[in-house]
Amino acid sequence: MALQDIFKFRELPESETTKPFLEHLEDLRWTVVKMAITLVIAMIICFAFRSILVRVTQAPLHEVSSQIGTLKALGITDSILISFHLAFYAGIVLSFPLLLYFLAEFVLPALTAVEKRFLLPAIFASFALFLLGVFVCYFWLLPKTILFFFRDTKSLGWEPTWTVQQYYSFVTRFTLGFGLAFELPVVVLALVRFGLMTYKFMARTRPYAVVLIFILATIITPTPDILTLIAMALPMCLLYESCIWIAWFMERRHSGSAVG
């Protein structure tokens, strides 16, 4: 199969309802296959550099306190299992733009030529926001969170002896969850762009959105403590508030161009 066929949007008939259901399933199957192959290749690349991933992941731990010492590996197969664990999440980060593109191929096949020109910039903007969320969490929030739990454990007279599985599960879920939280503006603005959401609706349903954000943060947050929950939910609330004003600007600009 030619490379251009892999990155080609699926073609729709004159009426979407005339396309057989099995053909939709075939399009979905091919999309899943492409995304899976992309993720596997990214995982293999990341697995080859697992020693670097380990050092990067443990850097916030060593910056907090030298008293923490070495993480404990309690399982015989921990080295391989955690390496695959790291490779999987790092592979998601590495292949994120392509995964978004393949998903857009399936979900948005009926885009106009003008809209398709904005697709790649939108994907890269989404990837930039995702990386921004990951970096903000890794360099700022993650060390503060680890330090909080370290001091809290010491205050109870306990010695922090963390296992590799506990630490890496916490770091990867927390960091990627924060990165995905920064995708909120892209999702909201896409809904506004396609007329599925308006500025007035977003402003009117702000209290419900805040509740949903806290529920989502509860699901994403790797620990049940209120500090981590607020640290995850507060930036999402601020992002949602910024989306309201961006939606207002988009609607005003669209109405102005329509009048002109």
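Quick caveat: nothing in here was measured; it's all calculated off a predicted structure.

1. Concerning the overall build of the protein
A count of helical and extended segments in the protein gives eleven helices and zero strands. Each helix (α) and strand (β) of the protein, taken in turn from the N terminus, gives the series α-α-α-α-α-α-α-α-α-α-α. Buried positions account for 38% of the 260 residues belonging to the protein. As displayed, the protein offers around 15,700 Å² of accessible surface, 72% of which is attributable to carbon and sulfur atoms.

2. Focus on a nonpolar patch on the surface
Judged by side-chain polarity, Ile 37, Ile 41, Ile 45, Phe 49, Ile 52, Val 56 and Leu 94 come together as a nonpolar surface patch covering roughly 630 Å² of accessible area. At the level of secondary structure, the elements contributing two or more residues to the nonpolar patch comprise α2 (21–48) and α3 (50–64). Counting residues per element, the nonpolar patch draws most heavily on α2, at three residues. Relative to the helices and strands, Ile 37 resides in helix α2.

3. Describing the pattern of salt bridges
The final tally for this structure, using the stated rule, is two salt bridges. The salt bridge partner of Glu 159 is Lys 154, with a shortest N-O separation of 3.4 Å. A relative accessible area of 51% places Glu 159 in the exposed class. Overall, Lys 154 belongs to the partly exposed group, its relative accessible area being 33%. We note a salt bridge from Glu 241 to Arg 206, for which the minimum N-O separation is 2.8 Å. Taken as a pair, Glu 241 in helix α11 (residues 226–259) and Arg 206 in helix α10 (residues 206–220) lie far apart in primary sequence, 35 residues in all.

4. Observations regarding the packing of aromatic side chains
The full count for this structure, using the stated rule, is 14 aromatic pairs. Geometrically, the ring pair formed by Phe 88 and Tyr 89 is edge-to-face, given 5.2 Å between the ring centres and 70° between the ring planes. Note on Phe 88: relative accessible area 32%, which makes it partly exposed. Plain terms: the ring middles of Phe 170 and Phe 174 are 5.4 Å apart, the flat faces sit at 45° to each other, and that makes the pair tilted. Separated by four residues within a single helix, Phe 170 and Phe 174 lie in helix α7 (residues 164–181), roughly one turn from each other. In this structure, Phe 170 and Phe 174 share a single accessibility class: buried.

5. Observations concerning the environment of Pro 185
Tracing the sequence through the fold places Pro 185 in helix α8 (residues 184–193). On the accessibility criterion, Pro 185 (10% relative accessible area) is buried. C-alpha of Pro 185 to C-alpha of Ala 247: the two residues are 62 residues apart in sequence and 9.9 Å apart in space. In this structure Pro 185 touches Leu 129, Leu 239 and Cys 243, once residues within four positions along its chain are discounted.

6. A few points about the side chain of Glu 183
In this structure, Glu 183 sits in the loop between α7 and α8. A distance of 3.2 Å separates the side chain of Glu 183 from the backbone nitrogen of Phe 130, its partner in a polar contact. What Glu 183 contacts, discounting residues up to four positions off in sequence, is Phe 96, Ser 126, Leu 129 and Phe 130.

7. Comments concerning the side chain of Ser 95
With respect to the secondary-structure elements, Ser 95 resides in helix α4 (residues 78–107). When its relative accessible area of 4% is taken as the criterion, Ser 95 is described as buried. Sequence-distant contacts of Ser 95, that is, excluding residues within four places in its chain, are made with Thr 38, Leu 39 and Ala 42.

8. Observations concerning the packing of α4 against α7
For the pair α4 and α7, the least separation of the axes is 11 Å and the interaxial angle reads 10°. Between α4 and α7, the angle is such that the two are roughly parallel. Facing Asp 78, Ile 82, His 85, Leu 86, Tyr 89, Val 93 and Phe 96 of α4, the residues of α7 in contact are Val 164, Gln 165, Tyr 168, Ser 169, Thr 172, Arg 173, Leu 176 and Leu 180. Tallied by class, residues from the contact of α4 with α7 come to nine nonpolar, four polar and two charged.

9. Points about helix α6 (residues 119–155)
An ideal rise of 1.5 Å per residue puts 54 Å on 37 residues; α6 measures up with 51 Å between its terminal C-alpha atoms. Its maximal kink placed at Leu 141, α6 deviates by approximately 45°, while the proline Pro 143 follows within four residues. Phi for Gly 157, located one or two positions after α6, is positive at around 80°.

Cut-offs applied
Residues numbered from 1 in each chain as written. Predicted model: local features only at pLDDT ≥ 70, side-chain atom pairs only at ≥ 80, totals over all residues. Heavy atoms only, no water. Helix = DSSP H or I, 4+ residues; strand = E, 2+ residues; numbered from the N terminus. Buried < 20%, exposed > 50% of the residue type's maximum accessible area, 1.4 Å probe, protein only. Areas by Shrake-Rupley, 256 points an atom, 1.4 Å probe, with all protein chains shown as cover. Patch = residues over 30% accessible without salt bridge, like charges linked within 9 Å, V, L, I, M, F, W, Y side chains within 5 Å. Salt bridge = Lys/Arg side-chain N within 4 Å of Asp/Glu carboxyl O. Phe/Tyr/Trp six-rings, centres within 6.5 Å; stacked < 30°, edge-to-face > 60°. Contact = heavy atoms within 4.5 Å. Polar contact = N/O pair within 3.5 Å; in protein donor to acceptor, adjacent residues only side chain to side chain. Axes fitted to C-alpha atoms, helices over the stretch in contact; angles between N-to-C directions. Parallel < 35°, antiparallel > 145°, perpendicular 65-115°, else oblique. Nonpolar A, V, L, I, M, F, W, Y, C, P; charged D, E, K, R; others polar. Expected span 1.5 Å × (residues − 1). Bend = angle between axes of the 7 residues up to and from the residue.

Geometric descriptors of this kind do not, in isolation, establish any biological role.
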